[in-house]
4 protein chains.
Amino acid sequence: MTATSNDPLVIAGTAYQSRLLVGTGKYQDFAQTRQAIDASGAQIVTVAIRRTNIGQNANEPSLLEHLPAEQFTLLPNTAGCYNADDAVRTLRLARELLDGHKLVKLEVLGDAHTLFPNMPETLAAAKTLVADGFHVMVYCTDDPVQCRMLEDIGCVAVMPLASLIGSGMGILNPWNLRLIIDQARVPVLVDAGVGTASDAAIAMELGCDGVLMNTAIAGATHPVLMASAMNKAVQAGREAYLAGRVPRKTYAAAPSSPTSGLISPATSK
Amino acid sequence: MTATSNDPLVIAGTAYQSRLLVGTGKYQDFAQTRQAIDASGAQIVTVAIRRTNIGQNANEPSLLEHLPAEQFTLLPNTAGCYNADDAVRTLRLARELLDGHKLVKLEVLGDAHTLFPNMPETLAAAKTLVADGFHVMVYCTDDPVQCRMLEDIGCVAVMPLASLIGSGMGILNPWNLRLIIDQARVPVLVDAGVGTASDAAIAMELGCDGVLMNTAIAGATHPVLMASAMNKAVQAGREAYLAGRVPRKTYAAAPSSPTSGLISPATSK
Amino acid sequence: MTATSNDPLVIAGTAYQSRLLVGTGKYQDFAQTRQAIDASGAQIVTVAIRRTNIGQNANEPSLLEHLPAEQFTLLPNTAGCYNADDAVRTLRLARELLDGHKLVKLEVLGDAHTLFPNMPETLAAAKTLVADGFHVMVYCTDDPVQCRMLEDIGCVAVMPLASLIGSGMGILNPWNLRLIIDQARVPVLVDAGVGTASDAAIAMELGCDGVLMNTAIAGATHPVLMASAMNKAVQAGREAYLAGRVPRKTYAAAPSSPTSGLISPATSK
Amino acid sequence: MTATSNDPLVIAGTAYQSRLLVGTGKYQDFAQTRQAIDASGAQIVTVAIRRTNIGQNANEPSLLEHLPAEQFTLLPNTAGCYNADDAVRTLRLARELLDGHKLVKLEVLGDAHTLFPNMPETLAAAKTLVADGFHVMVYCTDDPVQCRMLEDIGCVAVMPLASLIGSGMGILNPWNLRLIIDQARVPVLVDAGVGTASDAAIAMELGCDGVLMNTAIAGATHPVLMASAMNKAVQAGREAYLAGRVPRKTYAAAPSSPTSGLISPATSK
C-alpha cells in the first residue's frame, strides 16, 4: 500500500477527499475565515445558524458569499441550543435558507459553563430530525452505549467530544473512543477539544473517520498556518492508521515482555 | 505568518528543508529502503557502519548505489558500539570510506538489552571526535545537564531518546525534553522511540528541531505509507509549533481556572 | 489540622467512618469474603441480588450469616440488569428480603460486552425508585450533565465509573470527574475500574467522597492484603486532599513558569 | 499472605520498618518538623548539612535536640553541592559531627535552576566516598545504565528522581524506573518530585523499596496531616505491590484483547 488516493470519507452516501471538517466562528473577518478554510483543505464547513448570517439578515454580509456552495458542503449546526425543540427549529430554518439542504450537525448543550452535551435532549432531537428527513451528524458524549442509540435512530455520523468545546485539552479518554469506533457502522468523527496538530493525528490513528474543529485553528496565533498544520496532521494520522504502526514494547530487546492495558494499535478496517 | 518555506533546519552550517532524518536498517531490500526514504522526504539518512555495506566489502552491493551523495547527506552512525574506543574507530573508518565526510552520529550503548545510552562513554567519545574535527550529532539520554555538557564539548546537535530504541513508546518524558530545548543553542532532535505519526508531531510541537527514526517506518506493516505519514506529521508538528496553539483550559468558559503543572505550549523562538 | 477523626461520609443522613465501599462477589468462599471485608474496613457492603443468596433460596447458605446487619450496612445492587424494569423489580425484591431496607445501588448496563451504563434506562429507573421511597445510589457514566439530572431526580449519591467494570484501568478521565465533583451537592463516589491502591488514592485526592470496588480486591493474588492496601489508600487519599497538596511546578526554581491544562489541585470543601 | 509485619527495608545491613524517608527542611520550626516526622512514621531522616545546624554552630539550636539518635537514623545529605569535592568535604564534616556516622545521602546538582543531578560529578564523588568507608545512598537521574554504575561502585542504595526537586510533578517516567528496579541488587528509592499521596503509592506499586520526600510534606497546607497521608500511602503502595494487582484489561469481558506498551504490573520479588 503506497497511496491513499482512493480513501474517501463517505457520509450519507457522499464521498469527501478531506477528513478534516472545520468551523467558521471566531475569525477576524470572513476573508481570514476563507483563507484558513482553504489552508485546511476542508470540504465540509460547519456554520452556527444562531450566530452567523447565511441569509437570515438580508441586509448584512452573508458567509455564503465567501463559501460558494459549488466548492464547499455547508453543515448548519445548532450551537447555542440547550433543548431539543430549539435545535429542531434552528435546523428547519437552516433547511429553508439553504433550499432543502439535508446534511446538518446537531448539538444540544447541557449548560453554558461546560458546553457538555445534553444527551437526553440530543436523543430526542435526533429522533425528530431523522423522522423529518434530515441527515444528522450528531455531537455527543464519548458514551459507546448512547452512540449506538444515536446510530440506531438513524444518524449518519456520530461525533463524540474529545474534551470540552474550546478547551484544547485533546483526547481525554481514548479508550471510550475506541469502544465507539470498534462497534460503529457509521463514520465516527471527533468533535470538540482538539488543541493542536498531534491531537488530530491521534484521533485518526485511533481509527476515527474524521475530525471537526474550530477553536484550535481560529484561536491560534497564526490561524492560517495552523489550518495548514491540521490539514497535514489529519492526513498523517490517517496514513499512519492505514500503514499499521509498530507495536509498543517496553523493552525493544524483549518483545514478549508482559505488558497490558494500553490502548492497542488499531487495525485498519 | 502563512508559510514555512523559509524555515530550514541548520546543522553545522548547512541548511536542510526536511526536519525528518531516517535510518536505513530493517527494510526488505535496498529498493524498499529507497522508496521509503523518498516518501519520507528526508535529506539526511543515517547508516549503521557496522551493519551496512558502504564500501567496506568491495564485492557486495553497497547502499551508496541507492542513495547518491548528490541527493542525500549520509550520516554514519555507531550503532552496536558499547564503548568510546569502538565508536571513535568506527567513525574514523566511515570518514575514510566517505572521503573525509565530517558529519556523524555518535551513539554508545549501555547494554544490548535496553540499548540505553552509556553517557560516560558518550561524553568521552564526543570529546575525542570533536577534537578530531568531526561534526558530532550525539544520541543521548534526556538529561539536560549532560546534554549541556555535550553542547559545551562542541557537538553540533544533541539527540535525546524519546524512549528505548525500537520500543515505539513515544515521548515518555516531555518535561525533560523541554528543559533540554529551553537551554540548547544547537539543534535538538528526538532520536529513538517514535512509534507513530503523532509521536513525531508531538516532538516538533514541543519545540524539537527535528526527529530521527528508523524502526517506526521500516517496521510498519506498510513502510512506504508510514514514511509518507511521518513526512506530513513532522511538517504538521513544526507548523503547529510556529502557529502558536491555543492554551489548554480545563473549562472553556472559565479561562482563568487555576491549573498547573502540564507542560506549557512552547513559544516559537 | 492534624486529624481526620471527625470527617465522616454522610449518605442519606447516615454517617460512616469508612469511605471505602466493597463488593462481595468473586471470592473463594464466604469466609474469605468476610476476611477481606474486615481488612478493608468497609462499613457499606454491596450485594448483587441476582447472584448472591440473601434469603431468596431458603435452603442455601446466605451471605447474611457472614455479614451481620448490626455491623455492616448492606447495599443491594442490580448487577446483571439491562433495563429499568428489571432493575426496579430486583430492588423491590431486595427490600422485601431485607425488611424494608431503603438504601440501594442502581446499575443498569448497556451491554454484556463492556458493562457500560445504559443512561436512559438508568434515569428512568432512578425516577421510579426515588418515587417509591428508595434511597438510590446510582452507578453512571462520568457525564456531568446526566449526573446532575440524577441528583435532581433525588438520588442520594452519584457513582460515576472510573473505567469499565472489572477492567482495572483506573481513572481514565479525571477531568470529567472533577466537573462532577465541583457541581455536586450529594456525595460522589467512584465506582468501577479501580485496579490498585494508587487509583483509589487518586480518586480521593480529586475530591471524591468515597470509592466502591470489588474486582480489584477479590481478583488480586492476595485479596485480604489488597483489601488492607485499599483501606490505607482511601485514607491516604482523603488526608492528602484535606491536607492541601503542593502545587505542581514544571521548574521548582521557577514557580511562575507558564503552565496550563493539568487538572488542578482540588480545594477541600 | 495477610500481613506485612515482616517486610523490612534493609539498607547497608540495617532493617527499617518504615519505607518512607523524610527531610527536615522548609518547616516553620523544629517543633513542627518533629510533629510531621512523627506522623510520617519515618525512621530515617535526612538533613542538609549546609543548611541545618547539627552542631556546626555551637551557640545555635541544633536539630539533634529534636531528633534523638536513639529514635531516628540521621542521613546527612549534600544539598547545595554542585561538584564532587564540595560533596565529599560536606559529608566528611558530617561524619565528624556525628561521631563516625557512615550512612549518607550524596547529591551533586547540575544547576540551581532545575536542581537536576550532575551525573559525572556524582559518579566521581561516589567513588571517593565508598573508598573512604561511607555507606552511600545516592540521588541520581532515572538512567538505568548510570544507576548500575553507581551500584557497581558500591553505593548501598540508588535514589532516582521522580521529577525535579520541589516540583511535585510525581513520577514522570515510570518506564525508566522499572528498568532500574528490574536490574537492581540494592534498594531503589524514589527521591524528589513526589507531590501527593498517590505519587508515593505509585512508586511503591512499581516495586520501589522506599520513597524519600521533603517538600510534599513540608510545603502542604497542613504538613502534619500530609505526613500522615504519606505514611499510609507508602504502606498502601507496598501492600498493593505484594498483594499482586489485577491485570489491566481494556475490556473486562475480553481479557485477551490485544493491548501493549503500558507498564506491566510488577511481580513482587
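Not measured: the values here are computed from a predicted model.

Q: Where do I start with the side chain of Ser62 of chain C in this structure?
A: Residue and element names in this part refer to chain C. Within the secondary structure, Ser62 sits in the loop between β4 (44-48) and β5 (73-77). Polar contacts involving the side chain of Ser62 include one to the main-chain amide nitrogen of Leu64, which spans 3.0 Å. In contact with Ser62, other than residues within four places in its own chain, are Phe30, Asn53, Ile54 and Gly55.

Q: Help me out: how do you make sense of the packing of helix α6 (residues 197-205) of chain A against helix α6 (residues 197-205) of chain B in this one?
A: Relative placement of two packed helices is described by the angle separating their axes and the distance separating the axes. At a minimum axis separation of 9 Å, α6 of chain A and α6 of chain B run at an interaxial angle of 170°. Between α6 of chain A and α6 of chain B, the interaxial angle falls into the category roughly antiparallel. On α6 of chain B, the residues that touch Ala197, Ser198, Ala201, Ile202 and Glu205 of chain A of α6 of chain A are Ala197, Ser198, Ala201, Ile202 and Glu205 of chain B. Per-class residue counts for the contact of α6 of chain A with α6 of chain B are 6 nonpolar, 2 polar and 2 charged.

Q: Can you help me understand the interface of chain B and chain A in this one?
A: Often, the extent of an interface is quoted as the loss of accessible area on bringing the components together. Taken residue by residue, the interface counts 50 residues in chain B and 50 residues in chain A. Across the interface of chain B and chain A, roughly 4,100 Å² is buried in total on both sides, 64% from carbon and sulfur atoms. Counting across the interface, chain B meets chain A through 2 salt bridges. When the shortest N-O distance is used, the salt bridge between Glu239 of chain A and Lys232 of chain B registers 2.6 Å. Applying the counting criterion to the chain B and chain A interface returns 24 residue pairs in polar contact (both at pLDDT 80 or more). Elements that contribute at least two residues to the side of chain B that touches chain A include exactly α6, α7 (215-218) and α8 (223-243) of chain B. Considering every element that reaches the side of chain B that touches chain A, the biggest residue donor is α8 of chain B, with 13 residues.

Q: Just to check I follow, could you spell out the pairing of strand β7 (residues 135-140) of chain B for this structure?
A: Two faces make up the sheet, and in a regular strand the side chains alternate between them. Residue and element names in this part refer to chain B. The buried fraction of β7 amounts to 5 of the 6 residues, a majority that puts the element mostly inside the structure. Across 4 bridges, strand β6 (residues 103-106) lies against β7 in parallel orientation. Bridge assignment links Lys105 to a residue of β7, and that residue is Met137. For the crossover that starts at β6, traverses helix α3 (residues 119-131) and ends in the parallel β7, the hand is right-handed.

Q: Please explain the UniProt feature "binding site: 1-deoxy-D-xylulose 5-phosphate" (unreviewed entry) in chain A as it appears in this structure.
A: Residue and element names in this part refer to chain A. Annotation from UniProt places "binding site: 1-deoxy-D-xylulose 5-phosphate" (unreviewed entry) at Gly166, Ala192, Gly193, Asn214 and Thr215. In terms of the greatest pairwise C-alpha distance, the residues named above, spread along 50 residues, form a tight cluster of at most 9.3 Å across. Examined against the element boundaries, Gly166 turns out to sit in the loop between β8 (157-160) and α5 (174-183). Overall, Gly166 belongs to the buried group, its relative accessible area being 13%. Following the sequence through the fold, Ala192 ends up in the loop between β9 (189-191) and α6. Of the residues examined, Ala192 reaches a relative accessible area of 10% and is grouped as buried.

Q: Explain empty space enclosed by the protein here, please?
A: Empty space among the atoms becomes apparent when a probe as large as a water molecule is rolled across them. Scanning the model with the defined rule gives 5 cavities of 30 Å³ or more in all. Of the voids in this model, the second largest cavity is the one considered here, and its volume is about 110 Å³. Tallied by class, the residues present in the lining of the second largest cavity amount to 8 nonpolar, 5 polar and 1 charged.

The rules behind these values
Here, residues in each chain are numbered from 1, in the same order as that chain's written sequence. Labels are handed out in written order, letters beginning with A for the chains and numbers beginning with 1 for the ligands. Totals for whole chains, interfaces and linings use all residues, but because this is a predicted model, local features are given only for residues with pLDDT of at least 70 and pairs of side-chain atoms are given and counted only at 80 or more. By convention in this description, side-chain values take in all heavy atoms of the structure and omit both hydrogens and water. Helix and strand labels come from DSSP, where a helix needs a run of H or I of at least four residues and a strand needs a run of E of at least two; each type is numbered from the N terminus. Any N or O atom pair separated by 3.5 Å or less is treated as a polar contact, with the protein-specific requirement of one donor-capable and one acceptor-capable atom, and with residues adjacent in sequence counted only for side-chain atom pairs. Here a residue-residue contact requires only that any non-hydrogen atoms of the pair lie within 4.5 Å. Think of each axis as a best-fit line through the C-alpha atoms, taken over the contacting stretch in the case of a helix, with angles from 0 to 180 degrees between the N-to-C directions. Oblique is the label for every angle not falling under 35 degrees (roughly parallel), over 145 degrees (roughly antiparallel), or within 65 to 115 degrees (roughly perpendicular). Ten residues, namely Ala, Val, Leu, Ile, Met, Phe, Trp, Tyr, Cys and Pro, are considered nonpolar, four, namely Asp, Glu, Lys and Arg, are considered charged, and the remaining ones, Gly among them, are considered polar. The term buried area means the drop in 1.4 Å probe accessible area that two parts suffer when joined, counted for both and summed. Each salt bridge in this description consists of a side-chain nitrogen of Lys or Arg and a carboxyl oxygen of Asp or Glu lying within 4 Å of one another. When accessible area is computed with a 1.4 Å probe and restricted to protein chains, residues below 20% of their type maximum are described as buried, those above 50% as exposed, and intermediate ones as partly exposed. In this scheme, strands are said to pair when DSSP sees at least two bridges between them. Think of it like this: strands point away, you trace from the first strand over the helix to the second, and a clockwise trace means the crossover is right-handed. UniProt positions are given in the numbering used here, feature names are shortened, and annotations may be inferred rather than shown by experiment. In this analysis, the protein atoms alone were mapped onto a 1 Å grid. Cavities are point sets where a 1.4 Å probe fits without being able to get out; pockets are open sets with protein on both sides within 12 Å along at least five of seven lines; lining residues have an atom within 4 Å of a point. Grid points are joined across faces, edges and corners, and a volume is the space filled by probe spheres set on the points.

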